[in-house]
Amino acid sequence: MGSPTTTTTTTESYLVPPPPPTVTVLSLRTGKVRALGAGAGAGAKKLTSAINKQPHREPVWLAKSGFVGDERDHPPHRSPDNAVHQYDAAHYDAWKDEAELSNLPEKEKRFVVGAFGENISTSRGGEGLSERNVCVGDVFKLGAEADGAVVQVSMTRQPCFKLNHRFGYKKMSSLVQNTGRTGWLYRVLREGWVQEGAQMELVERINPTWPLSRLQHYLYTDRNNSEALCQLTKLPGLGEEMVTLFQKRLEQGQAEDMNGRLGGDVAAPWRSYRLVDKVDLTPRVKKFVFATEEDIDDDVLRLGHFPHVRVKFGPEGKFTRAYSVVCGDMKSFELGVARDDNSRGGSAYLHDNLAVGDTLQVARGHTAANNWAVEQELHAKRHVFIIGGVGVTAFMGEIRTLATQCAQFEIHYAVRSRADAAFLNQLPKMQTCVYAKNEGARLNVKEVVPLLEDTASPDVVIYCCGPSGLIEETRNITRELGYPRSHTYFEEFGGGATGTGDPFEVEVESTGKVLQVPQEKSLLQILSESGFDIDSSCEVGNCGSCMVEYCKGEVVHKGVALDDEEKKDTMLACVSRGKGRITITC
């Protein structure tokens, strides 16, 4: 295998690693986005992740976007540079012997292959692949010569706060970073079949002086070394995320704050936006365009699937509402807001009082909690949108994307009248069917939801947003037809009665305090008013941010963010309600 050689540059002296050995795939895993759930640290049920990956014995197709069936929760992680995550299996023994974790219980069970959410681990019997002998830009053949894949190392994996919950140790993410046992990422150069037991062989090394351990040195230790940063921004094969990060350091003259990534202080900041345009679209719906003069970082500028924002407005900011973004980004975006017949004041204020030039506060909303696995093979899928009224705003971006990709899709749009059909002129005519109530037309959900030929590998995706009745009917029908949750997406647009209902009592287990939840308020409002720090975002049951655990009592579940398993011991504080008295932990 050879021995490392020492090279000296103007930045430092370091060891140039020899080419790594050919290794065998020990484990191949994929995972769906789920709540971290029981067994993780406190508060983990409010967090979603695809870290709980399951092993595969059979071959799995590795596409440009990653292994088929593998999901990624955080939008930036869906980049082609993040297609495959590898972790050195030898690290697990090191974790079991880690002095800082000496009091951590059940280490033997916690630190096993797959615990860090890797797609692949490899083994050779001696030293295999690690951050010390794998270089940025290394190209590996993965699998058989004829139909295997070819991958290229793009960057080191950056640990985040979810590892703290995963392992039940609040400094775990920092410890991973400090030890360098991070794992690394690949982009896919050639798609192919991969399976456990496949050979993994280095076929090209373009940056022999840049092992991942050296990249980590400038990423986490010598963070403001301008000479090294300049080299890294031009390093062939380095992932776009890293290049952008190092460019920012050079421009700003300092490294970024890592506390949010490592500790979980990731609450979206409120920023000032000005209303620059306000237009009547229908008798009930107005278009609002907002823009900000504040600088927006690239990692939060672009909006992903089904984006929404939280808006704070009115006298002393008394109203806080969440709205779907029709188009734009966090620099400038467009909303479509309907005047609610049962408005609690929010939509009425926007319609009647907010004028062009006025300012308000906006925060980016959290990603919806639905498991989303349909980015791959869009052309091979049929996309069916079932929409009621202003619910069209939830899917305008998705429809535009599908149209540009020439994907097969259809839109079923139920409205009071054609005059009430907001954004109809932006929907493709050939794919859109309007059901106007005043014309006697009715949207029959059973007729528009297709039967599945193969429930294990569906070729249809269902999207639905509208009033609760439409949501419930569509959800029941897709369940009866065997649609997996990964191929259905639901959003509710809320209204004046969202989160309200029969009064009930809630006991907070940690304090013993009993709170009264009146008819006109949600559990989320009462908990917040009582000093409990409950995260929230959409506030209509779509995103899952306000999830709390309940341990006693009967809950009437509302919203779309939880699956049946999660409903057994968690509830959405923004919309769900108890019967009589319930006990929660928060």
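See above for the structure.
Residues numbered from 1 in each chain as written. Predicted model: local features only at pLDDT ≥ 70, side-chain atom pairs only at ≥ 80, totals over all residues. Heavy atoms only, no water.

S.K.: I'm lost on the side chain of Lys 162 in this one. Help?
M.R.: Structurally, the position occupied by Lys 162 is in helix α3 (residues 162–167). When near neighbours in sequence (up to four residues on either side) are disregarded, Lys 162 contacts Leu 36, Leu 47, Thr 48, Ser 49 and Asp 73. (Helix = DSSP H or I, 4+ residues; strand = E, 2+ residues; numbered from the N terminus. Contact = heavy atoms within 4.5 Å.)

S.K.: Where do I start with the pattern of salt bridges in this structure?
M.R.: Close approach of charged atoms lets side chains of opposite charge pair. Taken as a whole, this structure holds 22 salt bridges when the rule is applied. Across the pair Asp 70 and Arg 72 runs a salt bridge, and its minimum N-O distance is 3.9 Å. Arg 72 shares its class with Asp 70; the two are buried. Ionic pairing is found between Arg 581 and Glu 505, a salt bridge with its closest N-O pair at 3.1 Å. Placement of Arg 581 in strand β31 (residues 577–585) and of Glu 505 in strand β27 (residues 504–508) is noted, with a sequence separation of 76 residues between them. The class of Arg 581 is partly exposed, set by a relative accessible area of 42%. One connected set of salt bridges, linked through shared partners, spans Lys 53, Asp 70 and Arg 72. (Salt bridge = Lys/Arg side-chain N within 4 Å of Asp/Glu carboxyl O. Buried < 20%, exposed > 50% of the residue type's maximum accessible area, 1.4 Å probe, protein only.)

S.K.: Would you explain the pairing of β27 in this entry?
M.R.: Note on strand geometry: in a regular strand, side chains alternate between the two faces of the sheet. Side chains of β27 alternate between two faces, with Phe 504, Val 506 and Val 508 buried and Glu 505 and Glu 507 left unburied. Bridge analysis of β27 against strand β28 (residues 513–517) gives 5 bridges, and the strand direction is antiparallel. If you follow Glu 505 over to β28, its bridge partner there is Gln 516. In sequence, β27 turns back onto β28 through a hairpin of 4 residues, with Gly 512 there showing a positive phi of about 80 degrees. With 4 bridges connecting them, β27 and β31 associate as parallel partners. Residue pairing in the sheet places Glu 507 in a bridge with Thr 583 of β31. (Pairing = 2+ DSSP bridges.)

S.K.: It is not clear to me how the sheet that holds strand β8 (residues 66–67) should be interpreted in this structure. Could you clarify?
M.R.: Taken together, the 3 strands give an open sheet; going across it, the order is β8-β7-β14, and neighbouring strands pair in antiparallel fashion. Edge strands, defined here as strands with exactly one partner in the open sheet, are β8 and β14 (192–194). Of the strand pairs in this sheet, strand β7 (residues 60–63) and β14 are connected by 3 bridges, and their pairing is antiparallel. Bridge pairing links Val 60 to Val 194 in β14.

S.K.: Teacher, can you tell me more about the packing of helix α6 (residues 226–233) against helix α7 (residues 240–252) here?
M.R.: How two helices sit against one another is set out by the angle between their axes and by the gap between those axes. Contact pair α6 / α7: the axes reach a minimum separation of 9 Å and the direction vectors enclose 145 degrees. For the crossing formed where α6 meets α7, the hand is left-handed. Contacts between α6 and α7 involve Ser 226, Leu 229, Cys 230, Leu 232 and Thr 233 on the former and, on the latter, Val 243, Phe 246, Gln 247, Arg 249 and Leu 250. For the contact of α6 with α7, the class distribution of residues is 6 nonpolar, 3 polar and 1 charged. (Axes fitted to C-alpha atoms, helices over the stretch in contact; angles between N-to-C directions. Left-handed = near helix turned anticlockwise from the far one by under 90°. Nonpolar A, V, L, I, M, F, W, Y, C, P; charged D, E, K, R; others polar.)

S.K.: Can you help me understand the packing of helix α5 (residues 212–221) against α7 in this one?
M.R.: Two elements in contact, α5 and α7, have axes separated by 12 Å at closest approach and are oriented at 40 degrees. Regarding the angle of α5 to α7, the classification is oblique. Two packed elements cross with a definite hand, and for α5 against α7 that hand is left-handed. Here α5 contributes Leu 215, Tyr 218 and Leu 219 to the contact with α7, which in turn contributes Met 242, Leu 245, Phe 246 and Arg 249. Looking at side-chain class alone, the contact of α5 with α7 contains 6 nonpolar, no polar and 1 charged residues. (Parallel < 35°, antiparallel > 145°, perpendicular 65-115°, else oblique.)

S.K.: Sorry, what's going on with the pairing of strand β21 (residues 359–364) here?
M.R.: Where strand β16 (residues 271–280) meets β21, 4 bridges bridge the pair, whose relative direction is antiparallel. By the bridge assignment, Tyr 273 is partnered in β21 with Leu 360. When strand β18 (residues 308–313) meets β21, the two strands line up antiparallel, connected through 4 bridges. The residue of β21 that forms the bridge with Val 311 is Val 362.

S.K.: What's the story with the nonpolar core in this structure? I'm lost.
M.R.: One broad rule of soluble globular proteins: the nonpolar side chains tend to lie buried together. One finds Leu 62, Ile 120, Phe 140, Tyr 186, Met 200, Leu 238 and Phe 246 to be the most contacted residues of the largest nonpolar core, which totals 43 residues. With 5 residues, α5 is the largest single contributor of residues to this core. Contact partners of Leu 62, with chain neighbours within four places excluded, come to Phe 67, Val 84, Leu 142, Ala 149, Val 151, Val 188, Glu 191, Gly 192 and Val 194. Listed in part, the 28 residues of the second largest apolar core include Val 326, Ile 387, Tyr 413 and Val 461. (Core = buried A, V, L, I, M, F, W, Y, C linked by side-chain atoms within 4.5 Å.)

S.K.: Before we go on, may I ask you to explain the environment of Leu 572 in this structure?
M.R.: By the element assignment, Leu 572 lies in strand β30 (residues 570–572). Judged by relative accessible area, which is 1%, Leu 572 ranks as buried. Separated by 16 residues in the primary sequence, Leu 572 and Val 556 place their C-alpha atoms 10.0 Å from one another. Ignoring sequence-local partners within four residues, the contact set of Leu 572 consists of Gly 541, Gly 544, Cys 546, Met 547, Lys 558, Gly 559, Ala 561 and Leu 562.

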